[in-house]
Protein chains: 2
Amino acid sequence: MNSYTAGIIVIGDEILSGRTQDSNSNFIAKNLIKEGVKLEEIVVIKDNKKTIIDRVVNYSGKYSYVFTTGGIGPTHDDITSESISEAFNLEHVINEDAFNILDRYYPEGEFNESRQRMAKMPIGSELIFNPMTAAPGFRIKNVYVLPGVPEIMQIMFLELIKKIKKGKPKLVVTINTDLYESKIAIYLKEIQDKYKNSSIGSYPYFNLAAKTGGVNIVVSSWDMTSVQPVVDDIVNMIKLNGGKSSIV
Amino acid sequence: MNSYTAGIIVIGDEILSGRTQDSNSNFIAKNLIKEGVKLEEIVVIKDNKKTIIDRVVNYSGKYSYVFTTGGIGPTHDDITSESISEAFNLEHVINEDAFNILDRYYPEGEFNESRQRMAKMPIGSELIFNPMTAAPGFRIKNVYVLPGVPEIMQIMFLELIKKIKKGKPKLVVTINTDLYESKIAIYLKEIQDKYKNSSIGSYPYFNLAAKTGGVNIVVSSWDMTSVQPVVDDIVNMIKLNGGKSSIV
């Protein structure tokens with residue numbers, strides 16, 4: 001059993017208003033599965049202190065790792081850091097290293113009060129460095145606090161993931177077939193029941209213009225040493241039902 | 001105060017594994033704000049009965065409307081409908097209209113057991129018609145149950161949104177400026193404090209190749225009759241700080 005789990009908290013009114021399509025959680029999700037961390041849940045919440053506190057406390061207690069994105073900039077709507085201090089009943093203080101990094105980054109006389117807010121975080125935080133725009137993220141307990149701008153978040157995430165404890169990557173094989181899922185559903189269930197340590201997902205697609213469609217069958221497992229037996233059974237079943245299959 | 005709220009529950013292991021980028025919640029979010037419904041939260045959860053029940057009960061109690069996407073197909077991993085029946089302690093039964101629609105859709109002799117699963121739903125459900133692939137969604141209490149395939153979900157959503165009770169659309173104006181957000185953060189906060197019925201969001205962007213950047217300032221309100229005074233103050237403030245601005 002893979003024992004490292006994670007939750008993602010996406011913080012931002014701009015996602016809930018539909019203005020921005022969140023891509024951060026998909027980026028993190030893809031990397032976690034490769035790195036052997038099981039992503040259990042993603043939640044998108046408002047820039048609201050009570051909501052942030054509630055979710056951070058809840059996820060931090062449930063999962064090995066929590067990743068938050070958004071709300072750590074210099075403006076009045078950036079309230080992630082202070083909310084996290086409050087979530088853990090920790091003093092919200094200027095981090096000296098963060099202060100020095102930002103002080104060096106801005107031209108003389110331009111490290112104003114709003115910018116100094118970005119150096120404040122829960123006491124005892126460990127910095128997550130930002131090679132692009134200086135303002136760092138931070139880790140406190142099992143919570144990793146990252147910015148919302150995807151280009152910056154991604155670089156910071158790829159650095160931090162190197163340093164955390166992880167399990168075995170999940171084995172994943174995808175089989176495509178031209179058969180409709182409703183045709184093979186009953187046989188897929190039989191194969192699923194046979195291999196309880198694997199998970200068989202089935203994702204139909206439709207090309208309406210071409211009047212074709214089919215299904216991608218995703219076989220995955222955190223525990224098995226190989227999913228080949230499951231894949232073989234599925235490929236065979238597709239053949240018996242007169243379909244074509246390919247590994248994608 | 002706008003009194004209609006919503007939550008979205010995205011059901012699917014394929015989102016949590018990073019295999020699929022969810023676009024359904026963004027589509028629903030954009031339409032809700034236009035239609036006068038306040039989206040409060042989005043959660044992405046696993047294909048797990050206990051988790052689905054827990055979230056449906058929680059969101060159904062908190063929000064005016066709940067939209068679920070995914071997990072209503074014919075395969076063993078499609079457990080949304082039965083979970084929702086259980087969430088509300090309702091009998092999980094064949095809906096006759098749904099059964100007839102599906103029976104007509106499939107060629108004679110091909111309406112098999114797996115396909116018949118798609119006609120089962122909580123007793124008392126109202127169908128949400130699917131003009132593309134027949135299999136309907138349904139509404140039970142304040143929960144709208146939709147498929148995960150975006151092309152199908154979108155058509156069904158646009159139909160159902162016409163029929164529900166809504167408030168006034170949210171007023172939204174976006175102002176772009178070439179100033180960095182940290183430069184204007186303090187003035188934005190002053191304007192925010194002056195107009196408490198509006199919400200001012202600030203979203204920086206960076207173009208690293210061109211070494212430029214700026215910020216989009218989004219002024220929005222559910223309650224004001226016009227956000228023009230807020231916009232005027234912001235445009236004026238940008239000018240005083242030597243920046244350019246445009247309404248986007």
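Residues numbered from 1 in each chain as written. Chains lettered and ligands numbered in written order. Predicted model: local features only at pLDDT ≥ 70, side-chain atom pairs only at ≥ 80, totals over all residues.

Student: Explain the sheet that holds strand β7 (residues 134-140) of chain A here, please?
Tutor: Judged by pairing direction, the sheet is mixed, and its twelve strands sit side by side in the order β6(A)-β7(A)-β8(A)-β3(A)-β1(A)-β2(A)-β2(B)-β1(B)-β3(B)-β8(B)-β7(B)-β6(B) without closing on themselves. Either end of the sheet is taken by a strand with one partner, and the two such strands are β6 (126-130) of chain A together with β6 (126-130) of chain B. Along the sheet, successive strands turn relative to each other by an average axial angle of 20°, direction set aside. As defined by bridge partners, β7 of chain A adjoins strand β8 (residues 143-146) of chain A across three bridges and the pair is classed as antiparallel. Residue pairing for β8 of chain A: Arg139 of chain A is matched across the bridge by Tyr144 of chain A. Of the strands in this sheet, β1 (5-11), β2 (38-45) and β3 (65-69) of chain A are in contact with helix α2 (residues 24-35) of chain A, which crosses β1 of chain A at around 170°. Contacts between helix α4 (residues 80-87) of chain B and the sheet are confined to β1 (5-11), β3 (65-69), β7 (134-140) and β8 (143-146) of chain B, with β8 of chain B contributing the most and set at about 165° to the helix. (Pairing = 2+ DSSP bridges. Helix = DSSP H or I, 4+ residues; strand = E, 2+ residues; numbered from the N terminus. Axes fitted to C-alpha atoms, helices over the stretch in contact; angles between N-to-C directions. Contact = placed C-beta atoms within 7 Å.)

Student: Would you explain the nonpolar core in this entry?
Tutor: The tendency in soluble globular proteins is for nonpolar side chains to be buried as a group. Membership of the largest hydrophobic core comes to 88 residues, with the highest contact counts inside it found for Ala6, Ile9 and Val66 of chain A together with Ala6, Ile9 and Val66 of chain B. With residues near it in sequence (within four places) discarded, Ile9 of chain B still touches Val43, Ile45, Arg55, Val56, Tyr59, Val66 and Thr68 of chain B. (Core = buried A, V, L, I, M, F, W, Y, C linked by C-beta atoms within 7 Å. Buried ≥ 20, exposed ≤ 12 C-beta atoms within 10 Å, placed from the backbone.)

Student: I would appreciate a short explanation of the interface of chain A and chain B in the present structure.
Tutor: Counting residues at the interface gives 48 residues for chain A, matched by 48 residues for chain B. Counting only elements with at least two residues in the side of chain A that touches chain B, the list comes to α1 (13-16), α2, β2, α6 (113-117), α8 (181-194) and β10 (199-207) of chain A. Each residue belonging to the side of chain A that touches chain B can be placed in one class, and the counts come to 19 nonpolar, 16 polar and 13 charged. Bridge analysis of β2 of chain A against strand β2 (residues 38-45) of chain B gives three bridges, and the strand direction is antiparallel. Bridged to Val43 of chain A within β2 of chain B is Val43 of chain B. (Nonpolar A, V, L, I, M, F, W, Y, C, P; charged D, E, K, R; others polar.)

Student: What's the story with the packing of helix α3 (residues 49-62) of chain A against helix α4 (residues 80-87) of chain A in this structure? I'm lost.
Tutor: Helix-helix packing is characterised by the crossing angle of the two axes and by the distance between the axes. Residues and elements named next belong to chain A. The contact between α3 and α4 brings their axes to 9 Å, and the two run at 55°. In this view, α3 runs oblique relative to α4, as classed from their interaxial angle. For the element pair α3 and α4, the recorded crossing hand is right-handed. In contact with Lys49, Ile52, Ile53, Val56 and Val57 of α3, α4 contributes Thr80, Ser83, Ile84, Glu86 and Ala87. Tallied by class, residues from the contact of α3 with α4 come to six nonpolar, two polar and two charged. (Parallel < 35°, antiparallel > 145°, perpendicular 65-115°, else oblique. Left-handed = near helix turned anticlockwise from the far one by under 90°.)

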